[in-house]
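Each chain, written out:
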Amino acid sequence: MLKLYHNDMSTCSQKVRFLLAEKGVEWEGTELDLRRGDQQQPDFLKINPKGLVPVVDHDGTILTESNVIIEYLNEVYPEPPLLPADPAGRAKARWWMKKLDDGMHLEVAVLSFAIAFRHQLIKACGSQEALERHFAGIRDAYIQEVQRQVVPNGTDSPRFAQAVRQYEKLLSEMNDALESHQWLVGDSLSLADIAYSPYVTRLDHLCLRGLWDNKPHVAGWYARLAQTKGYRQGVTNWFNEKYLPLMNKAGLEAWPRVAQIRDEVYAG
């Protein structure tokens, strides 16, 4: 039996559940409450010392890092195949996935915390001292640095402007790639599409859909994605109704600043 340690709204957990649903794989789940700090508990840290989800335990083989996990699962459960048959196509899919690991995953964390999650965090901590203890307790150095950079000043942080510019560039690249075919690396759904699905979903939940108003191919891709079995069962069915209103409200408030940064990209 395959066991998945995950969180309902975690972007990286979403892509693993998407793949499992698309493949029709049965799994046993342990859902962690990240706000409560379940990922920092000693029992979980024995499984993943970085204190991050998702983690897969497949008959004793422990796997971390979501893109590694979905590649592994695509090999173990080969039907339906989710990588192109030709080497060039497979390389292109991995090129897209590498962009996430090289920085775009952190950029969506910047947007999420700067726009929405900072409000929860500041309220929960109640003081600067408690906030500092929270930062110090984050085991992943990159996530810790992101939160330190954006939680105090939110959308006024220079790091926030960088993230908006990076996503504007990424969505433009995606729009170009999707001009000639239905999916990122061809006319069949692939690991690349699954890997990117949670990030565009997060932008949607943060009311940043305006970033693809002038990118019709991205809009079409996202609509097709939402109709797949994997997305419906692995992503939509896990949306947490407690967090969607928070992200929606904060996103609407942040949109003028986001639009300003986006417009500066083209003006410059």
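What comes next is a walk through the structure. Note that this is a predicted model, so its numbers are computed, not measured.

### Some words on the environment of Glu 26
Within the element layout of this structure, Glu 26 appears in the loop between helix H1 (11-23) and strand S2 (27-31). The sequence separation of Glu 26 and Met 1 amounts to 25 residues, and the corresponding C-alpha distance is 7.8 Å. Setting aside its immediate chain neighbours within four residues, Glu 26 contacts Met 1 and Leu 2.

### A few points about the sheet that holds strand S4 (residues 61-64)
Spatially, 4 strands are ordered S2-S1-S3-S4 in an open sheet, and the strand pairing comes out mixed. Edge positions in the sheet fall to S2 and S4, since each of these pairs with one other strand and no more. Strand-to-strand twist across the sheet, computed as the mean angle between neighbouring axes with direction ignored, equals 20°. Across 5 bridges, strand S1 (residues 2-6) lies against S2 in parallel orientation. When the sheet's bridge partners are listed, Tyr 5 is paired in S2 with Thr 30. Along the sheet face, H1 touches S1, S2 and strand S3 (55-58) and points at about 150° away from the line of S1. Relative to the sheet, helix H3 (residues 66-76) contacts S1, S3 and S4, its axis offset from that of S4 by approximately 135°.

### Considerations on the packing of aromatic side chains
Taken as a whole and judged by the stated rule, the model has 7 aromatic pairs. With 5.7 Å between their ring centres and 90° between their planes, Trp 96 and Tyr 196 make a pair best called edge-to-face. Of this pair, Trp 96 sits in helix H4 (residues 87-125) while Tyr 196 sits in helix H8 (residues 191-205), and the two are 100 residues apart along the sequence. For Trp 96, a relative accessible area of 2% puts it in the buried group. Judged by its relative accessible area of 1%, Tyr 196 is buried. Here a set of aromatic residues connected by ring pairs shows up, and it is made of Trp 95, Trp 96 and Tyr 196. The ring of Phe 117 carries the charged tip of Arg 35 above its face, separated from the ring centre by 4.6 Å. Taking the ring centre of Trp 95 as reference, the NZ or CZ of Lys 92 above it sits at 4.1 Å.

### With respect to helix H6 (residues 141-150)
Residues of H6 that are buried: Ile 143, Gln 144, Val 146, Gln 147 and Val 150. Seen end-on, H6 carries its buried residues on one side only, within an arc spanning 160°. With respect to the buried face of H6, the exposed residues turned more than 90 degrees away are Ala 141 and Tyr 142. The secondary structure elements touched by the buried residues of H6 are H4, helix H5 (128-136) and helix H7 (158-177). The N-cap residue of H6 is Asp 140: its side-chain oxygen and the backbone nitrogen of Tyr 142 are 3.0 Å apart.

### Digging into the pattern of salt bridges
Under the criterion given, the structure shown has 12 salt bridges. A salt bridge links Asp 38 to Arg 36, with the shortest nitrogen-to-oxygen separation between them at 2.7 Å. Of the residues examined, Asp 38 reaches a relative accessible area of 16% and is grouped as buried.

### Digging into the side chain of Arg 118
Of note, Arg 118 is situated in helix H4. Despite its burial, Arg 118 remains without a salt bridge, the nearest opposite charge being carried by Asp 156 at 7.7 Å. Polar contacts involving the side chain of Arg 118 include one to the main-chain carbonyl oxygen of Val 151, which spans 2.7 Å. If we skip the residues at most four places from it in the chain, Arg 118 touches Phe 113, Val 150, Val 151, Pro 152, Asn 153 and Gly 154.

### Description of unusual backbone geometry
A cis geometry characterises the amide bond from Val 53 onward to Pro 54, with omega recorded as 5°. Within the secondary structure, Pro 54 sits in the loop between helix H2 (42-47) and S3. The residue after Glu 79, namely Pro 80, is reached through a cis peptide bond having omega -10°. For Glu 65, which is not glycine, the phi torsion reads 70° and is therefore positive. Assignment of secondary structure puts Glu 65 in the loop between S4 and H3.

### Structural notes on the packing of H7 against H8
Two elements in contact, H7 and H8, have axes separated by 13 Å at closest approach and are oriented at 125°. Considering the angle they form, H7 stands oblique to H8. As H7 runs across H8, the sense of the crossing is left-handed. Where H7 approaches H8, its residues Tyr 167, Leu 170, Leu 171 and Met 174 are matched on the opposing element by Tyr 196, Tyr 199, Val 200 and Leu 203. Of the residues belonging to the contact of H7 with H8, the class tally is 8 nonpolar, no polar and no charged.

The rules we used
Residues numbered from 1 in each chain as written. Predicted model: local features only at pLDDT ≥ 70, side-chain atom pairs only at ≥ 80, totals over all residues. Heavy atoms only, no water. Helix = DSSP H or I, 4+ residues; strand = E, 2+ residues; numbered from the N terminus. Contact = heavy atoms within 4.5 Å. Pairing = 2+ DSSP bridges. Axes fitted to C-alpha atoms, helices over the stretch in contact; angles between N-to-C directions. Phe/Tyr/Trp six-rings, centres within 6.5 Å; stacked < 30°, edge-to-face > 60°. Buried < 20%, exposed > 50% of the residue type's maximum accessible area, 1.4 Å probe, protein only. Lys NZ or Arg CZ within 6 Å of the ring centre and 35° of its normal. Arc of directions from axis to C-beta. Polar contact = N/O pair within 3.5 Å; in protein donor to acceptor, adjacent residues only side chain to side chain. Salt bridge = Lys/Arg side-chain N within 4 Å of Asp/Glu carboxyl O. Lys, Arg positive; Asp, Glu negative; His and termini not counted. Parallel < 35°, antiparallel > 145°, perpendicular 65-115°, else oblique. Left-handed = near helix turned anticlockwise from the far one by under 90°. Nonpolar A, V, L, I, M, F, W, Y, C, P; charged D, E, K, R; others polar.

Limitation: the analysis is restricted to geometry and does not speak to function.
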